[in-house]
Amino acid sequence: MAHNTGLTHWLLRHAKLVLGLIALVGLLGVWFSWLLWQLLSSKEHQVVAEQQRSAATLLVERVQEDLEEQLRSFARFGRRIESLEQFDTHSWQHESHVQLEDFSSWHVLVLIDRQYRLRHVFTRAGDLPLEQAHYQQVLRRFSGLAEQAREQRRDAMTPPHLTRHNRLGQGHLVPLYDPQGAFIGWLYGGFFVGELMARALIPMIEQGYVIRLQQGEQVIFDNDPERRLGNSQGVATHSPLYLRDTRYDIWLEPSEALVSAGFTDWPQWVLLASLLNTALLMLALFYNYRRLQAEQAVRQSKLLVQELLALTGQAADALLVMKPEGRQVLYASPRLLELTGHANEAAIQRLLKERPSALTPEPERWQADFTPGKTHEFRAQLAHTNGSLRTVDVSARGVLFHRERFVLYSCRDASQRMAVEQALKEQSLLDGLTGLHNRRAFDQAIARAIDGLQAGAPCTLVMLDVDYFKRFNDSLGHQAGDDCLRELGQLLSDNTRRDSEQAFRYGGEEFALLLEGDSNAAGKAAEHIRLALQQRAITHPQSPLGEVTISLGLAEGLAQQSAEAWLKAADQALYQAKQQGRNCVVKADA
Ligand SMILES: Nc1nc2c(ncn2[C@@H]2O[C@H](COP(=O)(O)OP(=O)(O)OP(=O)(O)O)[C@@H](O)[C@H]2O)c(=O)[nH]1
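Note that the structure is predicted; figures quoted are calculated from it, not measured.

### With respect to the site of the ligand
Thinking step 1. Taken together, 16 residues surround the ligand, and among them Tyr468, Phe469, Asn473, Asp482 and Arg505 come closest.
Thinking step 2. Contact distances for the ligand include 2.9 Å between an oxygen atom and a backbone N or O atom of Tyr468.
Thinking step 3. Note that an oxygen atom of the ligand is positioned 2.8 Å from one of the side-chain N or O atoms of Arg505.
Thinking step 4. Compared with its free state, where it exposes 660 Å², the ligand has 67% of that area covered by protein.

### Side note on empty space enclosed by the protein
Thinking step 1. Summed over the entire model, instances satisfying the criterion amount to 1 cavity of 30 Å³ or more.
Thinking step 2. Taken together, His107, His134, Tyr135, Val138, His161, Thr163, Gln170, Tyr188 and Gly190 make up the lining of the largest cavity.
Thinking step 3. Here the lining of the largest cavity takes 3 residues from helix 4 (residues 128–141), the largest share from any one element.
Thinking step 4. Here the residues of the lining of the largest cavity are counted per class, giving 3 nonpolar, 6 polar and no charged.

### Some thoughts on the environment of Glu527
Thinking step 1. Tracing the backbone shows Glu527 in helix 15 (residues 519–536).
Thinking step 2. Using a relative accessible area of 26% as the deciding quantity, one classes Glu527 as partly exposed.
Thinking step 3. As for Glu527 and Val585, which are separated by 58 residues in sequence, their C-alpha atoms are 6.4 Å apart.

### Digging into the packing of aromatic side chains
Thinking step 1. For the structure shown, the criterion picks out 10 aromatic pairs.
Thinking step 2. Ring centres 6.4 Å apart and planes at 50 degrees place the aromatic pair Phe74 and Phe77 in the tilted group. Taken together, the residues Phe74 and Phe77, both in helix 2 (residues 15–83) and 3 residues apart, mark about one turn of the helix. The same class applies to Phe74 as to Phe77, namely buried.
Thinking step 3. Geometrically, the ring pair formed by Phe442 and Tyr506 is edge-to-face, given 5.3 Å between the ring centres and 90 degrees between the ring planes. Of this pair, Phe442 sits in helix 12 (residues 439–454) while Tyr506 sits in strand 17 (residues 501–507), and the two are 64 residues apart along the sequence.
Thinking step 4. Note on Tyr506: relative accessible area 14%, which makes it buried.
Thinking step 5. Each residue in the set Phe74, Phe77, Trp106 and Phe191 is aromatic and connected to the rest through ring pairs, giving one cluster.
Thinking step 6. The positively charged end of Arg150 is found above the aromatic ring belonging to Phe183, 5.2 Å away from the centroid.
Thinking step 7. The ring of Trp251 carries the charged tip of Arg212 above its face, separated from the ring centre by 5.0 Å.

Conventions adopted
- Residues numbered from 1 in each chain as written.
- Predicted model: local features only at pLDDT ≥ 70, side-chain atom pairs only at ≥ 80, totals over all residues.
- Heavy atoms only, no water.
- Near = heavy atom within 4 Å.
- Polar contact = N/O pair within 3.5 Å; in protein donor to acceptor, adjacent residues only side chain to side chain.
- Areas by Shrake-Rupley, 256 points an atom, 1.4 Å probe, with all protein chains shown as cover.
- 1 Å grid on protein atoms, 1.4 Å probe; cavity = no way out; pocket = protein on both sides within 12 Å on 5 of 7 lines; lining within 4 Å.
- Points joined across faces, edges and corners; volume = space filled by probe spheres on them.
- Helix = DSSP H or I, 4+ residues; strand = E, 2+ residues; numbered from the N terminus.
- Nonpolar A, V, L, I, M, F, W, Y, C, P; charged D, E, K, R; others polar.
- Buried < 20%, exposed > 50% of the residue type's maximum accessible area, 1.4 Å probe, protein only.
- Phe/Tyr/Trp six-rings, centres within 6.5 Å; stacked < 30°, edge-to-face > 60°.
- Lys NZ or Arg CZ within 6 Å of the ring centre and 35° of its normal.

Rendered as structure tokens:
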């Protein structure tokens, strides 16, 4: 992916800009989604409006058709009357009744002769004579129109006028001719416009339309007088409606439910999908960028670690970095290669896999629980390719690095430290003044001797004490006392064989000997020491003998005897030696 390196580098260097761009992509996505939604919604709105308009136009056309049919039917009624030979009052009543049954908004039918006399009047309501008088006047008023209809041989419609009932009405005039074509008169049908229209508009109202019908400025019909219009989301139509030459205006507005039924949910779904798409795109971009950053961080950390590890090459400690699983070696420092004699990491890797005991006699310790943060410290033997073994102090630590577990081993040559430790250990068991083993060493030795006694190896404890040492100090000074004790220490050291006879400074001017063998042999050895000191003839001005002497008490160890009891027996013997005049050896009673 070399061609990507430059871009990746740039992207990583401008994190804020990149995150800003991702946010911008998100904003653009949201804006685009909104735009798309707007577009689809308005498109759908247009389609719905178009549908509504054509539905409304169709409805108006149907109403118009219905009205026309009523007028045609009325004209047919006229033709029927023309054809009747006998046209008496009874027939008129019958025919009118039949006719008005079909046209419920028509309220009056009048048959007029050529001289404008009312031949027959059929009225739905009201007083007949009054109606007759009224229509006599009405017909006179429209005589011009009637004459025109007669001349043109076509029916005519009176203009809208206020009826006797104070309602807007219109009249339909049909000229009548006998079979020979001679003019007979007119048939006049009167109807209330509001009623006629309302009946015609019923299907529209039932479908949920808000309707207003006007004749000029006069509102004839309105099923929404409170003006609750405006729910149709701008979908409203205005159409003219004609009753012959009279124009009416009809405003139609579909109800909210009617309009809503025309809309679908898919612009919202498209919006949702588009927003989801944007969110996914942003997530993908963001996730990939964070991954890129994380990878870069790992790369940088590795470089740092490598640099750091390279520095450890100069350190005194040998370093080994490996994975806890499978013992995969990731790094072996030059010092480790030097200590083991191997040429490279690969050789260490092979060694760990094939012969881990070459690195430590307890390979399982290298596989301990390396919970991150946990450290194991132990001493191991490191084998060199030349066959030599080197003791090393190992510190093994589990480390969690970028979610991966590693084990860091640092090994340090332990020989120097061991020497120091050994020296310190030995030091702690020696008496500083005399160079003999001290009381601590004596405690350990007597415990071992008791173990030996139980195993059947006889041993005798000798306690010895300088006679009149207080006087020695008092007369010659403490320094001389120290010199005396040092010389006695040397004498004891010279007269004890290292492996089977041990001498200790028990405390102060008191010494102890642990001599392998029974009390007889030990008695001889003790006597030998006493004499050896005497031969040194160290001057003691305050001693009756004039020289430094010692008293010795000895007790052979018994099986099942405690150290305290053994010591007490030897002490008692020493006490007896003092009692017997000092400068002698006394054995404890068996
Ligand atoms: N110079 C010197 N004196 C010591 C040391 N340790 C103990 N002493 C002295 O040894 C003396 C022991 O005195 P005592 O316990 O009375 O016994 P003693 O005078 O030897 O008399 P007997 O044991 O009965 O013969 C004391 O005066 C101690 O001060 C030491 O390290 N250096």
